[in-house]
Amino acid sequence: MEQLQFGYPYPDDIRNDLESEFSRVSSPIRLYVIAVICIALAACCFVLFLIFGGLITPVIGAAALFGAAYVVRSKTNNAHLLEISAYETYIELDYYNAADDRKIHLSLSYPAIKSCMIDEDNYTTVKLIYRPGKEHYEKKVIRLSDGRSIDKSKQTTLFLRLNEGTPEQEFFLFLAPKLFKMTNSRAKINKHFGSHDNYRKVYYGEDVEIGNLEPVDNTNKQ
């Protein structure tokens, strides 16, 4: 069994609650149906007003339009979370994205990662390009709102949004380069964040313990 080099997984009971919460905020079909009903009601009120006049139908129509706008706005949920389990020869990523109503599970060996880059503007977006070969590889895309498997495409580029000041960001800034190819400028990262220890002090505090997040020098295992 391979040794875990970096871990930011949640216990199973917390993970189940997490999936339920993301499913709750990722229900686009139901919300869109409500919005369509509100718009249809507003249109009917407008037609009735043209035919019969009166003050009640415009008020009801306006309320329906405001209701549709509110429902569509409530769909815009940008919550996202990335779980990471990096082993000696492969990595497992579980990416929850409420805005897209999906969870992506990706497990692949390090040689399959052709390039990986974290954006150098705000360091909160990762572009990962991989080419699955004979090495370890698994990908699943699940719709959060109903748990169905979706997206059978063979797309091999993955974009991940990272929460700032978390182990998600820490991993790609300081630990990923020891496991697979990162194309970022080390000098720029050091200038922006300082050392790895400094990053932890700034975001986690002086005496915080973060569990299984100790960096492991795996440079010679690439």
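See the structure shown above.
Residues numbered from 1 in each chain as written. Predicted model: local features only at pLDDT ≥ 70, side-chain atom pairs only at ≥ 80, totals over all residues. Heavy atoms only, no water.

### Some thoughts on the environment of Arg200
Here is step 1 of the chain: Tracing the chain through its elements places Arg200 in helix H6 (residues 196-204).
Here is step 2 of the chain: Taking the C-alpha atoms as reference points, Arg200 and Gly165, separated by 35 residues in sequence, lie 8.5 Å from one another. (Helix = DSSP H or I, 4+ residues; strand = E, 2+ residues; numbered from the N terminus.)

### Some details on a nonpolar patch on the surface
Here is step 1 of the chain: Where nonpolar side chains cluster on the molecular surface, the patch consists of Phe46, Val47, Leu48, Phe49, Leu50, Ile51 and Phe52 and spans about 740 Å² of accessible area.
Here is step 2 of the chain: With respect to the helices and strands, Val47 occurs in helix H2 (residues 28-52).
Here is step 3 of the chain: Look at Val47 and you get partly exposed, because its relative accessible area is 43%. (Patch = residues over 30% accessible without salt bridge, like charges linked within 9 Å, V, L, I, M, F, W, Y side chains within 5 Å. Areas by Shrake-Rupley, 256 points an atom, 1.4 Å probe, with all protein chains shown as cover. Salt bridge = Lys/Arg side-chain N within 4 Å of Asp/Glu carboxyl O. Buried < 20%, exposed > 50% of the residue type's maximum accessible area, 1.4 Å probe, protein only.)

### Overview of the sheet that holds strand E9 (residues 157-161)
Here is step 1 of the chain: Spatially, E5-E6-E9 is the arrangement adopted by the three strands of the open sheet, whose pairing is antiparallel. Two strands close off the open sheet at either side, each with one partner strand: strand E5 (113-118) and E9. When the angles between neighbouring strand axes are averaged without regard to direction, this sheet yields 15°.
Here is step 2 of the chain: Sheet topology note: the strand E6 (residues 125-130)/E9 ladder contains five bridges and is antiparallel. Note on E9: the bridge partner recorded for Lys127 is Phe159.
Here is step 3 of the chain: Contacting E5, E6 and E9, helix H4 (residues 167-175) crosses the sheet at an angle of about 120° to E5. (Pairing = 2+ DSSP bridges. Axes fitted to C-alpha atoms, helices over the stretch in contact; angles between N-to-C directions. Contact = heavy atoms within 4.5 Å.)

### Quick word on unusual backbone geometry
Here is step 1 of the chain: The phi dihedral of Tyr123 is positive, around 60°, even though this residue is not glycine.
Here is step 2 of the chain: On the secondary structure map, Tyr123 appears in the loop between E5 and E6.

### Considerations on the packing of aromatic side chains
Here is step 1 of the chain: Counted under the stated rule, the structure contains 11 aromatic pairs.
Here is step 2 of the chain: The interplanar angle of 20° and the centroid separation of 4.9 Å between the aromatic rings of Tyr87 and Tyr90 together place this pair among those described as stacked. No difference in accessibility class separates Tyr87 from Tyr90, as the two residues are buried.
Here is step 3 of the chain: Seen in terms of ring centroids, Tyr130 and Tyr137 are 6.0 Å apart; in terms of plane orientation they differ by 35°. Their pairing is tilted.
Here is step 4 of the chain: Aromatic ring contacts, followed pair by pair, group Tyr123, Phe174, Phe193, Tyr199, Tyr203 and Tyr204 into a single cluster. (Phe/Tyr/Trp six-rings, centres within 6.5 Å; stacked < 30°, edge-to-face > 60°.)

### Thoughts on the nonpolar core
Here is step 1 of the chain: In this structure, Ile91, Phe171, Phe172 and Phe180 are the most contacted members of the largest nonpolar core, which totals 38 residues.
Here is step 2 of the chain: At five residues, the largest contribution of residues to this core is made by H4.
Here is step 3 of the chain: The contacts of Phe172, once residues within four sequence positions are left out, are Leu82, Ile84, Cys116, Ile118, Val126, Leu160, Leu162, Pro177, Phe180 and Met182. (Core = buried A, V, L, I, M, F, W, Y, C linked by side-chain atoms within 4.5 Å.)

### Some thoughts on the layout of surface pockets
Take a probe with the size of a water molecule and roll it over the atoms, and the empty space left behind shows itself.
Here is step 1 of the chain: By volume, the largest pocket amounts to about 210 Å³.
Here is step 2 of the chain: Of all elements in the fold, only strand E3 (90-97), strand E4 (102-109), strand E7 (137-143) and E9 reach the threshold of two or more residues within the lining of the largest pocket.
Here is step 3 of the chain: If one sorts the elements of the lining of the largest pocket by residue count, E9 sits on top with three residues.
Here is step 4 of the chain: Classifying every residue of the lining of the largest pocket by side-chain character gives five nonpolar, three polar and four charged. (1 Å grid on protein atoms, 1.4 Å probe; cavity = no way out; pocket = protein on both sides within 12 Å on 5 of 7 lines; lining within 4 Å. Points joined across faces, edges and corners; volume = space filled by probe spheres on them. Nonpolar A, V, L, I, M, F, W, Y, C, P; charged D, E, K, R; others polar.)

### Overview of the side chain of Asn184
Here is step 1 of the chain: Along the chain, the position of Asn184 falls in the loop between H4 and helix H5 (186-193).
Here is step 2 of the chain: At a separation of 3.2 Å, a polar atom in the side chain of Asn184 contacts the side chain of Glu120.
Here is step 3 of the chain: Beyond its immediate stretch of four places on either side in the chain, Asn184 contacts Cys116, Met117, Ile118, Glu120 and Ile189. (Polar contact = N/O pair within 3.5 Å; in protein donor to acceptor, adjacent residues only side chain to side chain.)

### Here's the deal with the packing of H4 against H5
Between two packed helices, what matters for the description is the angle formed by their axes and the separation of those axes.
Here is step 1 of the chain: Axis separation between H4 and H5 bottoms out at 11 Å; the angle between their running directions is 130°. One way to sum up the angle between H4 and H5 is to call them oblique. Counted together, Gln169, Leu173 and Phe174 of H4 and Arg186, Ile189 and Phe193 of H5 form the full contact between these two elements.
Here is step 2 of the chain: Tallied by class, the residues present in the contact of H4 with H5 amount to four nonpolar, one polar and one charged. (Parallel < 35°, antiparallel > 145°, perpendicular 65-115°, else oblique.)

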